[in-house]
Amino acid sequence: MDAFTLVVATALAALTMAAGMGLLYLASARQACLVDWMLAAACFALSSVAAAIGLQLQALPLGFIACVNAFHVAGQFGMLAGVRRHLRLAPHWGWGGLLALGALAVHALPVMQSAHLVRLAVFVPVICALDVASAWLLWRRGEGEVRASYLPLIALQLLSALQLVVRLAIVGADGASPHLMHGQLSRTWGALAMLVYLSLATMCCALIVTHQQTLALRRASLTDVLTGWLNRRALHDIATREFRRGRRTGTALFFITFDIDHFKAINDRYGHGVGDAAICHVTALSARVLRGYDALFRIGGEEFAVLVVGEKLSGVCVIAERLREVVACAPLTVDGVPVPMTVSVGVAALNAQDHKWEDILRRADEALYHAKQHGRNRVSVHGRDLAEHGHPVRLQVVGT
Ligand SMILES: Nc1nc2c(ncn2[C@@H]2O[C@H](COP(=O)(O)OP(=O)(O)OP(=O)(O)O)[C@@H](O)[C@H]2O)c(=O)[nH]1
């Protein structure tokens, strides 16, 4: 295939990428990085169109070469800008504009007019730096589940940089041993590499965005909207997994359940809006005293559960007591007036007779009920304050 046909195909691939990014932007949750990638593709398309026109004029005029290179640099910067925006960093398009203008201006230097090799030697490091910067950012910031979706674009950016370095080396070697690669062949290589790059970049960018949406949907399906705590569906998944692990490895497992005391009265007196704020207030306070890695669940209107793994009973009782205390000591303020709140707390541990995690939760609920029955604003521990089915063993209550 001749260079002209390849360049036209590259322009079409760039336009396809721009259209794909634009359509995905409209169809998805308007992720702004898609606009950056669409602009990047538009720059690549302009670069290819300039190259195609220049090739038709036989001897490629320097003005066209300058445009080809400037739009190409802008396109590569756009790829980086999209990556930065996806990672919640400022895209800095201003720098991209300056870089493109610099790329245009540098062609006025006489040395740039002399040889294809000189121009390659100037632009390859710039483009490689942009490619490697995108790959490095994605690698550094991509943690956990998202990294898998970043790997194809990381690989593509690195391969793009690598092929440029190889191309520069071959064109450079051509200077020493003539005809290894003349300018026309180098351009054909460049157009072919760009065609492959654009086709794959379209898929890589789409993969990143759709994967992120999938994760967001999954997160939303497991999270309570009001508090941001996990919901019952998540409780089932996480508790089942931890219960199995606890049975197999003998790791201690506890549920702390707690419930806002006389919450109905808060709703009745101040309205549902304040009731909602009270729920958020309690969960925010509780999260402060809980360990960052405990799983926190909203399991009912104003009832919550914490799954504690690998702790001693005494440690769990300290956590539960701290939780009770922090809520009692920090009332919600409504129009400058404090609204005192307390919580009743129940604690239960995994024991040898348990067949399923629901057994532990049921006992924690019984302990919570016991705390309610014995004055509220207190912590009751199953097996210490009450025996099976909520019968008191001795009325020793941790707390008030
Ligand atoms: N504002 C608000 N209220 C809720 C929400 N979910 C449940 N509720 C209300 O919470 C109240 C719970 O009341 P009860 O179960 O009687 O419990 P309580 O008044 O806290 O009494 P005790 O638990 O016995 O101390 C009900 O009035 C529900 O309507 C919610 O998301 N927001």
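The rules behind these values
- Every chain is numbered independently, its residues counted from 1 as its sequence is written.
- With pLDDT at 70 or above as the cut-off, local features in this predicted model cover only qualifying residues; side-chain atom pairs require 80 or more to be listed or tallied, and sums for whole chains, interfaces and linings still use all residues.
- Strands are runs of DSSP state E lasting at least 2 residues, helices are runs of H or I lasting at least 4, and numbering of each runs from the N terminus.
- Based on C-alpha atoms, the radius of gyration is set beside the globule rule, defined as 2.2 Å times the residue count to the power 0.38.
- Counting other C-beta atoms within 10 Å of each residue's C-beta, where C-beta atoms are placed from the backbone, gives the exposure class: buried for 20 or more, exposed for 12 or fewer, partly exposed between.
- Two residues qualify as a contact pair if the distance between their C-beta atoms, derived from the backbone, is within 7 Å.
- A helix's residues, less one, multiplied by 1.5 Å, set its expected span.
- In this entry, domain limits derive from an automatic or database-based domain assignment.

Engineer: Quick one: what's the story with the overall build of the protein chain, residue by residue and with numbers?
Structural biologist: In terms of regular secondary structure, the protein chain is built from 13 helices and eight strands. Whereas a compact globule of 400 residues would reach a radius of gyration of roughly 21 Å, the protein chain reaches 32 Å, over 25% beyond that. Taking the principal axes of its C-alpha atoms as reference, the protein chain extends roughly 95 × 50 × 30 Å. Here the protein chain, with 400 residues, has 39% of them falling under the buried criterion. Counting contacts in the protein chain only where the partners sit at least 6 residues apart, residues at least 24 apart contribute 66% of the total.

Engineer: Before we move on, could you go through the environment of Asp-36 and cite the residues and values that matter?
Structural biologist: Structurally, Asp-36 can be placed in helix H2 (residues 33-56). Taking C-alpha positions, Asp-36 is 4.8 Å from Gly-82, a pair spaced 46 residues apart along the chain.

Engineer: Pulling in residues and values, what's your account of helix H3 (residues 62-86)?
Structural biologist: Compared with the 36 Å implied by 1.5 Å per residue over 25 residues, the 36 Å span of H3 between its first and last C-alpha is a close match. Within H3, 21 of the 25 residues are buried, which leaves it mostly tucked inside the rest of the structure. Just beyond H3, the residue with positive phi is Arg-88, at close to 65°.

Engineer: So what about the domain arrangement of the protein chain? Which residues, and what values?
Structural biologist: Each assigned domain of the protein chain is listed here: domain 1 (3-220) and domain 2 (232-399). The centre of domain 1, based on its C-alpha atoms, is set 54 Å off from the matching centre of domain 2.

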